[in-house]
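What follows is each chain in one-letter form.
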Amino acid sequence: MKQHLRTAWKHTRRSPYQSLAAVLIMFLTFFIATIFTLAAGGSQIVLRYFESRPQVTAFFKDEISTQQIDMLKAKLVQTEKVEETKFISKEEALAIYREQNKDEPLLLEMVTANILPASLEVSIKNITDIDQVAGIMKNDSIVEEVVFQEDVVEALYRWTGSIRKIGIGLISVLSFVSFLIILVIIGMKITIRKSEIEILQLIGASNAYIRAPFVLEGIIYGVSGAVVAWGLSYILLLYATPFIIKFLVGIPVLPVPYYFMLIVLGIEMLAGLIIGSLGSLIAVRRYLK
Amino acid sequence: MVKFKNVTKKFGEEIALDNVSFEIEKGEFVFVIGCSGAGKSTLVKLILREYLPTEGTVTVDSTDLLNLRKKEIPDYRKKIGFVFQDFKLLTDRTVFENVAIALRILDEKKEDINERVETILDLVGLKDKKDFFPSQLSGGELQRTCLARAVVTDPDIIIADEPTGNLDIGIARQIMDIFKKINETGKIVIMATHNFEIVNEMSKRVIELENGKLISDKKKGKYHIS
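Conventions and cut-offs
Residues numbered from 1 in each chain as written. Chains lettered and ligands numbered in written order. Predicted model: local features only at pLDDT ≥ 70, side-chain atom pairs only at ≥ 80, totals over all residues. Heavy atoms only, no water. Helix = DSSP H or I, 4+ residues; strand = E, 2+ residues; numbered from the N terminus. Contact = heavy atoms within 4.5 Å. Areas by Shrake-Rupley, 256 points an atom, 1.4 Å probe, with all protein chains shown as cover. Buried area = accessible area lost by both parts, 1.4 Å probe. Salt bridge = Lys/Arg side-chain N within 4 Å of Asp/Glu carboxyl O. Polar contact = N/O pair within 3.5 Å; in protein donor to acceptor, adjacent residues only side chain to side chain. Axes fitted to C-alpha atoms, helices over the stretch in contact; angles between N-to-C directions. Parallel < 35°, antiparallel > 145°, perpendicular 65-115°, else oblique. Left-handed = near helix turned anticlockwise from the far one by under 90°. Buried < 20%, exposed > 50% of the residue type's maximum accessible area, 1.4 Å probe, protein only. Lys, Arg positive; Asp, Glu negative; His and termini not counted. 1 Å grid on protein atoms, 1.4 Å probe; cavity = no way out; pocket = protein on both sides within 12 Å on 5 of 7 lines; lining within 4 Å. Points joined across faces, edges and corners; volume = space filled by probe spheres on them. Nonpolar A, V, L, I, M, F, W, Y, C, P; charged D, E, K, R; others polar. Pairing = 2+ DSSP bridges. Patch = residues over 30% accessible without salt bridge, like charges linked within 9 Å, V, L, I, M, F, W, Y side chains within 5 Å.

Peer 1: Help me understand the overall build of chain A in this model?
Peer 2: Scanning chain A for helices and strands turns up 10 helices and four strands. The N-to-C order of helical and strand elements in chain A reads α-α-β-α-β-α-α-β-α-β-α-α-α-α. Excluding contacts between residues fewer than 6 apart, the proportion of contacts in chain A whose partners are at least 24 apart in sequence is 85%. When the accessible surface of chain A is split by element, carbon and sulfur atoms take 65% of a total near 16,500 Å².

Peer 1: Could you clarify how one ought to interpret the interface of chain B and chain A in this entry?
Peer 2: Much of the literature gives interface size as the accessible area that the parts lose upon coming together. Counting residues at the interface gives 18 residues for chain B and 16 residues for chain A. Approximately 1,500 Å² of surface area, both sides summed, lies buried where chain B meets chain A, with 59% of it carried by carbon and sulfur atoms. At the surface where chain B touches chain A, the tally comes to two salt bridges. The interface formed by chain B and chain A includes three residue pairs in polar contact (both at pLDDT 80 or more).

Peer 1: Would you mind going over the packing of helix α5 (residues 139-151) of chain B against helix α6 (residues 169-184) of chain B with me for this structure?
Peer 2: The angle between the axes and the distance between the axes are what describe a pair of packed helices. Residues and elements named next belong to chain B. Running from amino to carboxyl end, α5 crosses α6 at an angle of 10 degrees, the nearest separation of the two axes being 10 Å. Classified by the angle between their axes, α5 and α6 sit roughly parallel to one another. The way α5 lies across α6 gives a crossing that is right-handed. Along its contact with α5, which presents G140, Q143, R144, L147 and V151, the element α6 presents I171, Q174, I175, I178, F179 and I182.

Peer 1: I'm lost on the side chain of D161 of chain B in this one. Help?
Peer 2: All names here are of chain B. Take D161: it is sitting in strand β7 (residues 157-161). At 6.0 Å, K45 is the nearest oppositely charged side chain to D161, a buried residue that forms no salt bridge. Sequence-distant contacts of D161, that is, excluding residues within four places in its chain, are made with S41, V44, V83, F84, Q85 and A192.

Peer 1: Explain empty space enclosed by the protein here, please?
Peer 2: Residues and elements named next belong to chain B. Inspection of the entire model under this criterion finds two cavities of 30 Å³ or more. Taken as a whole, the largest cavity encloses approximately 100 Å³ of empty space. Looking at the lining of the largest cavity, the elements with two or more residues in it are α2 (73-78), β6 (80-84) and α5. A class-by-class count of the residues in the lining of the largest cavity yields six nonpolar, two polar and three charged. Here the second largest cavity defines a volume of roughly 50 Å³. In terms of lining, the second largest cavity is formed by M1, V60, D61, Y76, K79, D156 and I157. Tallied by class, residues from the lining of the second largest cavity come to four nonpolar, no polar and three charged.

Peer 1: Sorry if this is basic, but what is going on with the sheet that holds strand β3 (residues 119-124) of chain A here?
Peer 2: Note on sheets: strands pair through backbone hydrogen bonds, and any given pair is parallel or antiparallel. Residue and element names in this part refer to chain A. What the four strands build is an open sheet, ordered β2-β3-β1-β4; its pairing is antiparallel. Only two strands of the sheet have a single partner each, and these edge strands are β2 (82-88) and β4 (143-148). For this sheet, the mean inter-axis angle between neighbouring strands, taken without regard to orientation, is 20 degrees. Two elements, β2 and β3, share six bridges in a ladder whose sense is antiparallel. Paired with K86 across the bridge in β3 is E121.

Peer 1: When you look at the layout of surface pockets in this model, what are you seeing that I'm missing?
Peer 2: Over the atoms a probe the size of a water molecule is rolled, and this reveals where empty space is left. The volume enclosed by the largest pocket comes to roughly 980 Å³. As for the largest pocket, its lining consists of 38 residues, of which Q201 and L202 of chain A together with R49, E50 and R77 of chain B are closest to the centre. At the level of secondary structure, the elements contributing two or more residues to the lining of the largest pocket comprise α8 (194-202), α9 (207-247) and α10 (258-288) of chain A together with β2 (14-24), α1 (40-47) and α2 of chain B. Split by residue class, the lining of the largest pocket holds 13 nonpolar, nine polar and 16 charged. As a volume, the second largest pocket reaches approximately 730 Å³. Around the second largest pocket sit 30 residues that line it, and K2, Q3, H4 and R6 of chain A together with R104 of chain B are the ones nearest its centre. Of all the secondary structure elements, the ones that give two or more residues to the lining of the second largest pocket are α1 (2-14), α8 and α9 of chain A together with α3 (95-105) and α4 (110-123) of chain B. Top element by residues in the lining of the second largest pocket is α1 of chain A. It accounts for nine residues. Among the residues making up the lining of the second largest pocket, the classes are represented as 11 nonpolar, five polar and 14 charged.

Peer 1: Help me out: how do you make sense of the pairing of β2 of chain B in this one?
Peer 2: All names here are of chain B. Bridge count between strand β1 (residues 2-11) and β2: seven bridges; the pairing is antiparallel. Residue pairing in the sheet places K3 in a bridge with E23 of β2. In textbook terms, the turn of a hairpin is the stretch between consecutive antiparallel strands, and for β1 and β2 this stretch comprises two residues, one of which, G12, has a positive phi near 65 degrees.

Peer 1: Where do I start with a nonpolar patch on the surface in this structure?
Peer 2: All names here are of chain A. Taken together, Y258, Y259, L262, I263 and I267 make up a surface patch of nonpolar side chains, about 590 Å² in accessible area. Here I267 is to be found in helix α10. Looking at I267, the relative accessible area reads 55%, which means it is exposed.

Below, the structure is given as structure tokens:
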């Protein structure tokens, strides 16, 4: 193993531009993969955050009884589409209003609990059921008005889906290109070392012995490209963290847990190993045939 | 140990070897002579299992080469030492590394490799040039390196295809002395050559080929130039 690694490293050093091209394409693939993984993961957290907030709020008419509210709650729970309901009384609504406007004494003076409506905040299990749940609430006679944030969540859904699709598409194409480039570069190196391979075959080297340094060389390209791409993405993420936190106030997207980044590194190293070894394996197989 | 039985080798319509039969026993030194195109290299390549006979059988150490599967060829070749006219050395490796590679293929221990390579380089007189690259060596030194690589694994059979072809007679004699020493340890040496001086001086078994046919096989043969 040690001697094969030494030979692979020698091959890598002796044609630096080919090696650089191979590492760069692997780097590009994994850099984009990391960025899209982080973006997809982040948007998923944002989406979950919005999903976990009450998405539908029903404001009640005045003079309604607790019994009527409980009946509406029961009707909603029966649909099995509701995660959670929370009743906000007129007094609680006033407290929230006061908290939100504590710096505006004029606004506070004019408002009493009587003019604020009681409400019911509803979280839905699956956002696609929002229309149905809102409809039940609207049709109830005790409800004055129903407000829901369908647009925000739907837009977020679309975005998350698009990020995922574009990411998967781009990573697939780049992985295939990386694989082809490794295949071509290793193929060129085999052609250069044709006589060396012939000599090794004549003195009894097995195909596995001849193949090993080339496969290791492919692995060196794949794994080093993955590690460099991961490292650079992580540095960029750490640099951008304060700006992102400021932009997404209150949404717990950052900091990205270090174990998540380590998992990403592990997966990318494995993918680099597979792409690199497979590319070189096919190149050597074609020659040794 | 090496047996050719009615071996014919054709390349298309061209006949390279024509119904050749002979046997070589353990410890023999055999010259295969003949002019260019006589079939010497084809014979060597048949033993190397680079070619397969069109007809007949080639048996080496009770292995019928016709039945040898592709994946068994490396193991078969490990049992034979080869010396080539064009040396076939790895140009980016030192003398030591070129010789050691034959043992590395066998997955020998590093300490054993070092010890055996040193011993063989001493035998062929290249101990002081072990760190030289092939481009820094003379023709005789290159051939001695090639010879050291062939014998370092201690094979029972050494095959040489025109090993003195690129060397002057003085250097060729030195190389032949080493071959002689190797043969004295009980190993078979099969040498294809058209160097008549060497053949006549050595007075060993001579198999003569002409247009692919075996025309003579003498125990203490001579190379007569017509």
